[in-house]
Amino acid sequence: YLLLWFMTSMAGWVSDVVIAREYLTRLQVRKLTYILGMLPASIMLAVLGYVREPRIAVTLITLATGLAGISFSGVWAYVLDIGGPSSAVLYAVANVAATVPGFVSPLLVGGYLQMFGDNVGWSLCFWTSCAVGFAGCAIFYFFATSEHVPAGTKASASGGDAHAHAHAQQESLSLSPERRLSDSSASVNNGRMVGVVGETI
């Protein structure tokens, strides 16, 4: 898990650099990092079913877990990209769905081992994990497509609001720091005033 933490941090940093310098589009980076992390990890799990040397098995598990961290900067960041103001809710729903294997896999493993024995059963378990990883890569590659929705933007069917907000952000960046600070302070004060009026009502 130390390797997982390191790979996740590095992948996130590299992704931000690539997007900021416009080497690739945001969506291309999300797909690339997910596939680069998930495909090798899935293959290592499939190979793991045929390994009988403990040191090699531990090495493969460690590398597979660490490489999976690269995919986090793809799929989980994508949730934030498309969620806009609803990112927290969307992230929570996705995280709940991601816990389903936590209670399905023990039942599946038990069934495999009971029907096929230890050697074949564990191989089937790892091959199933590999198949799920490959399926996830295929689905994400072919179906993940959306405009980036900045936080605080209400997304419309045409995406016009998102583009308008992005244009407003560009104009804000062109202002002087003093002007941006003034506008920000005004927005905060207006928000406080709305809160006071709401509480009074």
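What comes next is a walk through the structure.

How each quantity is defined
Every chain is numbered independently, its residues counted from 1 as its sequence is written. The model is predicted, so local features are restricted to residues of pLDDT at least 70 and side-chain atom pairs to those at 80 or more, both for listing and for counting; the totals for chains, interfaces and linings are taken over all residues. Side-chain measures here rest on the full set of heavy atoms in the structure, leaving out hydrogens and waters. Secondary structure follows DSSP: runs of H or I at least 4 residues long count as helices, runs of E at least 2 residues long count as strands, and numbering of each begins at the N terminus. Each residue is placed in one exposure class: buried if its accessible area under a 1.4 Å probe, protein chains only, is under 20% of its type's maximum, exposed if it is over 50%, and partly exposed if it falls in between. For the area figures, the Shrake-Rupley method with a 1.4 Å probe applies, and any residue is considered shielded solely by the protein chains shown. In this analysis, rings of Phe, Tyr and Trp, with Trp reduced to its six-membered ring, are considered paired at centre separations within 6.5 Å, and the interplanar angle assigns stacked below 30 degrees, edge-to-face beyond 60, and tilted for intermediate values. By definition, being over a ring means that NZ of Lys or CZ of Arg is both within 6 Å of the ring centre and within 35 degrees of the ring normal. In this analysis, the protein atoms alone were mapped onto a 1 Å grid. Cavities are point sets where a 1.4 Å probe fits without being able to get out; pockets are open sets with protein on both sides within 12 Å along at least five of seven lines; lining residues have an atom within 4 Å of a point. Grid points are joined across faces, edges and corners, and a volume is the space filled by probe spheres set on the points. Residues are sorted three ways: Asp, Glu, Lys and Arg are charged, Ala, Val, Leu, Ile, Met, Phe, Trp, Tyr, Cys and Pro are nonpolar, and all the rest, Gly among them, are polar. Multiply 1.5 Å by the residue count of a helix minus one, and that product is the helix's expected span. Residues count as neighbours in contact if any of their non-hydrogen atoms are within 4.5 Å of one another.

1. Quick word on the overall build of the protein chain
Inference 1: From N to C terminus, the protein chain includes 7 helices and 0 strands.
Inference 2: Helices and strands appear in the protein chain in the N-to-C order α-α-α-α-α-α-α.
Inference 3: The buried share of the protein chain, reckoned over its 201 residues, is 27%.
Inference 4: When the accessible area of the protein chain is evaluated, it comes to approximately 13,400 Å², of which 68% is carbon and sulfur surface.

2. Looking at the packing of aromatic side chains
Inference 1: One pass over the full model with this rule turns up 6 aromatic pairs.
Inference 2: Positioned above the aromatic ring of Tyr141, the side-chain terminus of Lys31 is 5.3 Å from the ring centre.

3. Regarding the layout of surface pockets
Inference 1: Roughly 1,500 Å³ of internal volume is contained in the largest pocket.
Inference 2: In terms of lining residues, the largest pocket is bounded by 37 residues, among which Met38, Ala98, Pro101, Ser129 and Val132 are the most central.
Inference 3: Residue assignment for the lining of the largest pocket shows that the elements contributing at least two residues are helix H2 (26-48), helix H3 (54-83), helix H4 (87-98) and helix H5 (100-143).
Inference 4: Top contributing element to the lining of the largest pocket by residue count: H5, with 16 residues.
Inference 5: Partitioned by chemical class, the residues of the lining of the largest pocket number 29 nonpolar, 8 polar and no charged.

4. Structural notes on H2
Inference 1: If you check H2, its first and last C-alpha atoms are 34 Å apart, about what 23 residues at 1.5 Å a residue would give, namely 33 Å.
Inference 2: Turning to H2, its buried residues number three or more, namely Val29, Arg30, Lys31, Thr33, Tyr34, Gly37, Met38, Ala41, Ser42, Met44, Ala46 and Leu48.
Inference 3: Looking at the buried residues of H2, the elements they touch are helix H1 (2-20), H3 and H5.

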